[in-house]
Amino acid sequence: MHAHYGAGGDGGGDRRAAPLPGDAGLYFLGALHELVAVGLHRPALEALCAGQRDLAEPPIDRAYLLKILDEEICRQFGHPLRPLIELVLNAADAARAPQPVVDVAVTDGRVEVSDAGAGMGLRAILSRLLIPFATDKRPGIDLGRFGVGFFSVLGLGLSDPESFSLHVTTGDGVEGWAIRVVAWPSAGDAGSAPASVSEEPGQARGRASSELTAALMCSVRRIAPLLGTRVRVTSALLETATVRAYLRDALHFFPASRALVLLDGAAVNDGRLISGGQLIQERVEVAPQPTGAAALEARTHLGDALLARFHVGGRGLLPSISAATFHAGVKVDACLALAELALIDFPAAVELTEGRDALKVGPEFTAVATAFYRRLIELAAASGEGRRTRDRLAEMAAQISALMLQSAGWDEVALDLARALLGPGRCMVTPERREALLGFLGPSVAERLFVPESFWAEREWQPHLPGERELLEDELEIDAPETLSALARRRGDLSGLPLLVARATSPHTTMVALCRSRLLPDRGAGAAARRAPGAPPLPDAPGRRPAGPLPCLGTRRLLLIRDDSAAVRRPSGWSDWYALRAAFDRASGVREADLERDLIVGEPVDGTAFAAPRPGERTSGGEP
């Protein structure tokens, strides 16, 4: 270990490991993990804070300590620049002014984050800043929670050690300290410059990350007393335009009441980057949970911290601003499928998982998600918008649930959303089935169809809405299934069936069922009374909806044929023949490209095409 004591110094210096002659202000110079070992060992920590020259060697397993540090430094966020947000959150927590301000300055290859809040003395640096998972942050109040922000920034040093440096100046008003961390290109004794310092750039990146972690060098110097903290990160990976765009996107919805964030002197979270929409603040009630003494104390400590913010609608004024979920102002997941902004700022009580880039689904999280969905219901009711807008809200709610809120609270509120946004009698069908169903059931059924635009919305709504099977059973009278050949023999009055028999590859095994529109409720009784017992249904009865232009529809179990379709009952022209042929081929699973090619290159259609073929007779190309 290399420790030096005295007074004076400015916290600067170059990357040399050996102390300069007469540099009495240097308190520590050596490997970062050695300084962490001092912070973990109380006698060594007290001795260093007291200014003692000789420190007892901390009895810490260095191999295990390096393993823990390496895991923390190398654990990746969802975005490589996310550690910079940790610096902003730490600065916001430290600020105590009536209107806290966090200054962020970005230049090419460097980012600097400053605050004028409560800084740190040497004891806090050793026991809090430099110890993974050691934190004095208050659950439900402070933004930072797990004491890993400082170490996450060091990951930039492992990605590009040659260009990396981290310089922290901090003070609590009584003391002032400067901490500098650099990444040596190779591990060596901290007391002398390593011989391999001139190795080619990029060679260090090829080594094991644990070796690079061991090569992180740290100096601690006493400087003049100050109040506040400034963190400067230098790395070739920090490209100016990319960093600025990311910070604006991640922080534009950060609550200004926590801290006003200035990016190169311009506020990014005062609302100027969002146009339109509605901002809602809501105090969220959490259902009582079985609690022990510790949990009860935590809930009491939270007090009225469960204040969520929702921003619905509007648009971002910069290309990077997108719909997103935030925890304490940090974007967790983007919902790029949404054209409108849908921003959610969770209370600080909602915890992050160990991975730090995902939200931890718990009672508070679920309560906020449910409150957001119910806000959508209220907005729909208040706006009085039509069906198209309400369908869009239903799409948006499901996408947010799947892509942003991990389906939290969705099952509890989905039925209420369906009633409020979709209305009664709506059935969900997939986009690829919409045209087939409209052609088979007729245009009058369009009002009953809800067609999600995305896979995610389809996935969320599927367990809660009736689907195609329920729609068909509700709209049609469906006979018992039978083979196509048997049906053609039984219903000789349907002239189109022989054409389908000739078209089918295996009519003796193809299962079909006749169907027709149900009787409308207001005319059903009279129409039923006019039908003789045992007589076939009356397709043209005025109490039924007209059939669509497609007489056949394939389902998972069988093929449906409408006996109230003119093409099935009495085909009389090319349009009826085409309707039978195209609908039957599609229902039988023929690919659309094959269907169109067969139609183009097949034999010309003439008047004889509509005559029923004799048994066993087929035309060339498969046409009846």
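What you see is a predicted model; the values in this text were computed from it and never measured.

Participant: Quick question: what am I supposed to make of the environment of Pro571 here?
Facilitator: Relative to the elements of secondary structure, Pro571 occurs in the loop between helix H20 (566-569) and helix H21 (574-587). For the pair formed by Pro571 and Leu499, sequence separation is 72 residues and the distance between their alpha carbons is 9.5 Å. Those residues in contact with Pro571 that sit more than four places away from it in its chain are Ser495, Gly496, Leu499, Ala566, Asp576 and Leu580.

Participant: What is the right way to look at the pattern of salt bridges in this model?
Facilitator: Side-chain pairing between opposite charges can occur once the charged atoms of the two side chains come close. Across all of its chains, the model carries 34 salt bridges by this definition. Linking Asp416 and Arg419 is a salt bridge whose minimum nitrogen-to-oxygen distance equals 2.4 Å. Placement of both Asp416 and Arg419 in helix H13 (residues 410-422) is noted, with a separation of three residues, approximately one turn of the helix. Among the salt bridges present, the one from Arg503 reaches Asp585, with a minimum N-O distance of 2.8 Å. With Arg503 in helix H18 (residues 497-503) and Asp585 in helix H21, the pair connects residues that are 82 residues apart, well separated along the chain. For Arg503, a relative accessible area of 13% gives the class buried. Among the residues examined, Asp585 registers a relative accessible area of 7% and is labelled buried. Look at the salt bridges and you will find they share partners, linking Glu477, Asp479, Arg491, Asp493, Arg516, Arg544 and Asp563 into a network.

Participant: Sorry, what's going on with the sheet that holds strand S3 (residues 110-115) here?
Facilitator: Backbone-to-backbone hydrogen bonds pair the strands of a sheet. The strands run either parallel or antiparallel. What the nine strands build is an open sheet, ordered S1-S6-S5-S4-S7-S3-S2-S8-S9; its pairing is mixed. The sheet is open, and its two borders are formed by strand S1 (26-31) and strand S9 (266-267), each paired with just one other strand. In terms of strand pairing, strand S2 (residues 101-107) meets S3 through six bridges, oriented antiparallel. Its bridge partner lying in S3, Thr107 is registered against Arg110. Most of the contacts of helix H4 (residues 82-94) go to S3, to which it runs at about 15°, and overall it touches S2, S3, strand S7 (227-234) and strand S8 (260-263).

Participant: Could you clarify how one ought to interpret the sheet that holds strand S15 (residues 330-334) in this entry?
Facilitator: Across the sheet, which stays open at both edges, the five strands sit in the order S11-S12-S16-S14-S15 with mixed pairing between neighbours. Two strands bound the open sheet, and with one partner strand each, they are strand S11 (278-283) and S15. For this sheet the average axis-to-axis angle between neighbouring strands, irrespective of direction, equals 20°. Across six bridges, the pairing between S11 and strand S12 (residues 307-312) is antiparallel.

Participant: Would you take a moment to explain the confidence of the model for the chain for this structure?
Facilitator: A low pLDDT score tells you not to read the predicted coordinates there in detail. Mean pLDDT over the chain stands at 78; residues scoring 70 or higher make up 75%. Scored below 50 in pLDDT, residues 293-304 shows 12 contacts in the model against residues more than four places distant or in partner chains. Segment residues 606-610: pLDDT under 50, and seven contacts once partners within four positions in sequence are set aside and those in other chains are kept.

Here is what the cut-offs are and how they apply
- Residues numbered from 1 in each chain as written.
- Predicted model: local features only at pLDDT ≥ 70, side-chain atom pairs only at ≥ 80, totals over all residues.
- Heavy atoms only, no water.
- Helix = DSSP H or I, 4+ residues; strand = E, 2+ residues; numbered from the N terminus.
- Contact = heavy atoms within 4.5 Å.
- Salt bridge = Lys/Arg side-chain N within 4 Å of Asp/Glu carboxyl O.
- Buried < 20%, exposed > 50% of the residue type's maximum accessible area, 1.4 Å probe, protein only.
- Pairing = 2+ DSSP bridges.
- Axes fitted to C-alpha atoms, helices over the stretch in contact; angles between N-to-C directions.
- pLDDT = per-residue confidence, 0-100.

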